[in-house]
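In case you want the letters, here they are:
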Amino acid sequence: MAILVCGGAGYIGSHNVRALCTRSEEVIVLDNLLTGHAASVPEDVIFHRGDMRDAALLDAIFTAQPIEAVLHFAASSLVGESMERPLAYFNNNVHGMQMLLEAMHRHRVDKLVFSSTASVYGEPDAVPITEDAPLLPGNPYGESKLMMERMMHWAAQAYGMRAVILRYFNVGGALPGGQIGEDHRPESHLIPLILQVALGKREHLTLYGTDWPTPDGTCIRDYLDVMDLADAHLRALHWLRHTARPGQCLICNLGNGEGFSVLQMVEAARAVTGHAIPTLAGSRRAGDPARLVASAQRAREVLGWTARADINAIIASAWAWHQAHPDGFPD
């Protein structure tokens, strides 16, 4: 039976597709290519270009081939954009989840791993953040992800589905060997923005706020290697197959448990690349929390997962990809 990867042509989804293929899983990708790249999908993987909100397409995919489980990465994910276009985020993310859960129920597919986010916590009272922390998202993106989580919970209760919700923080790095990596258009993620400065594609890195309540005034985030993240999804799939009970919905944070400020990330990138990487102070972005750092104790205890790559290794693999592909994917 196959694993359906929704959003499998995107940055995180495509790395999970490669990890699944390495384990000899049969993989099907569904992606509308709004932010993904067809070139990131292996040629021997079945690829459907289309939207998860298309019920007829979902029925065709679930009917054509037996599907055992779904990995869900297909969501709009820019905090700033969500503040400007909240209804578009609810339509794509929440309505998309509804269509997927309805299709899974119709076709009796009962295993789902969901790519969630630390944005569901908003501005935390304490760090590191545990899964029991208050859920107070400060932007429509985080709100939409929390709504998607709640939909999964109630679908699991009603229909006996088994689900894992992985709330992760900032992700970076690239596949070892450099075949695929991070390519957003326009780019908004910190590590590729820093590396674009190192490549000479930007004059400087804009710091979105230098007056945050942190030691150096810039935001602090927990950074996770994309292949460590893929390993967590494989472990979640294993847990669903061998441990989960009908109706059970497991929530796990994923992270290194250590926070790095934007300026610390710039310093690390300077060391890895050997480039100066100038910075320029800018205004805060609406919806950004000052500090997000994960407690991944539950993931260690239940899934046997731990983050392995340190920040220098994450930046080094990303740097290798960006040097080899300065303009990203050819499409």
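As shown above, the structure is provided for reference.
Residues numbered from 1 in each chain as written. Predicted model: local features only at pLDDT ≥ 70, side-chain atom pairs only at ≥ 80, totals over all residues. Heavy atoms only, no water.

J.: Hey, could you go over the sheet that holds strand S2 (residues 26–31) for me, with residue numbers and the actual values?
T.: Read across the open sheet, the seven strands follow the order S3-S2-S1-S4-S5-S6-S10; overall the sheet is parallel. Looking at which strands have only one partner, the edges of the open sheet turn out to be strand S3 (46–49) and strand S10 (249–254). The sheet shows a mean angle of 15 degrees between the axes of neighbouring strands, direction not considered. Taken strand by strand, helix H2 (residues 55–64) contacts strand S1 (2–6), S2, S3 and strand S4 (67–72), and its axis lies near 170 degrees from that of S2. (Pairing = 2+ DSSP bridges. Helix = DSSP H or I, 4+ residues; strand = E, 2+ residues; numbered from the N terminus. Axes fitted to C-alpha atoms, helices over the stretch in contact; angles between N-to-C directions. Contact = heavy atoms within 4.5 Å.)

J.: Can you break down the packing of aromatic side chains residue by residue, with the values?
T.: Under the definition given, this model contains one aromatic pair. For the ring pair tryptophan 321 and phenylalanine 329, a centre distance of 5.0 Å and an interplane angle of 45 degrees mean the geometry is tilted. By the burial criterion, tryptophan 321 is buried, and phenylalanine 329 matches it. Residue placement shows arginine 284 over the ring face of tryptophan 212; its charged tip is 4.0 Å from the ring centre. (Phe/Tyr/Trp six-rings, centres within 6.5 Å; stacked < 30°, edge-to-face > 60°. Buried < 20%, exposed > 50% of the residue type's maximum accessible area, 1.4 Å probe, protein only. Lys NZ or Arg CZ within 6 Å of the ring centre and 35° of its normal.)

J.: Give a detailed account of the pattern of salt bridges, specifying residues and quantitative values.
T.: A pair can form between side chains of opposite charge whenever their charged atoms are brought close. Applying the stated rule across the entire model yields 16 salt bridges. Between lysine 111 and aspartate 110 there is a salt bridge; the shortest N-O distance is 3.2 Å. Taking relative accessible area as the criterion, lysine 111 reaches 13% and is therefore assigned buried. With relative accessibility at 21%, the residue aspartate 110 sits in the partly exposed group. The closest approach of N and O atoms between aspartate 183 and arginine 185, which form a salt bridge, is 2.7 Å. Three or more residues are tied together by salt bridges with common partners; here these are Glu25, Glu68 and Arg241. (Salt bridge = Lys/Arg side-chain N within 4 Å of Asp/Glu carboxyl O.)

J.: Help me get a handle on the side chain of glutamine 65, residues and values and all.
T.: Here glutamine 65 lies in the loop between H2 and S4. Judged by its relative accessible area of 16%, glutamine 65 is buried. Apart from the residues within four sequence positions on either side, glutamine 65 is in contact with Ala2, Glu26, Ile28 and Ile46.

J.: For the environment of alanine 118, give the residues involved together with the corresponding values.
T.: Topologically, alanine 118 is positioned in the loop between strand S5 (111–117) and helix H5 (140–159). As for alanine 118 and threonine 218, which are separated by 100 residues in sequence, their C-alpha atoms are 18 Å apart. Residues contacting alanine 118, with those up to four places away along its chain left out, are Tyr168, Phe169 and Leu292.

J.: Quick rundown of the nonpolar core? Include the residues and the values.
T.: The biggest cluster of nonpolar side chains holds 46 residues, and the ones touching the most others in it are Val5, Leu20, Val164, Leu166, Tyr168, Leu254 and Trp305. Within the residue set of this core, elements represented by two or more residues are S1, helix H1 (11–22), S2, S4, strand S6 (162–168), helix H7 (226–242), S10 and helix H9 (297–303). Leaving out residues up to four positions away in the same chain, valine 5 has contacts with Gly13, Val17, Leu20, Val27, Ile28, Val29, Leu30, Leu71 and Phe73. One finds Met97, Leu100, Ala156 and Met161 within the second-largest nonpolar core, a separate group that totals 29 residues. (Core = buried A, V, L, I, M, F, W, Y, C linked by side-chain atoms within 4.5 Å.)

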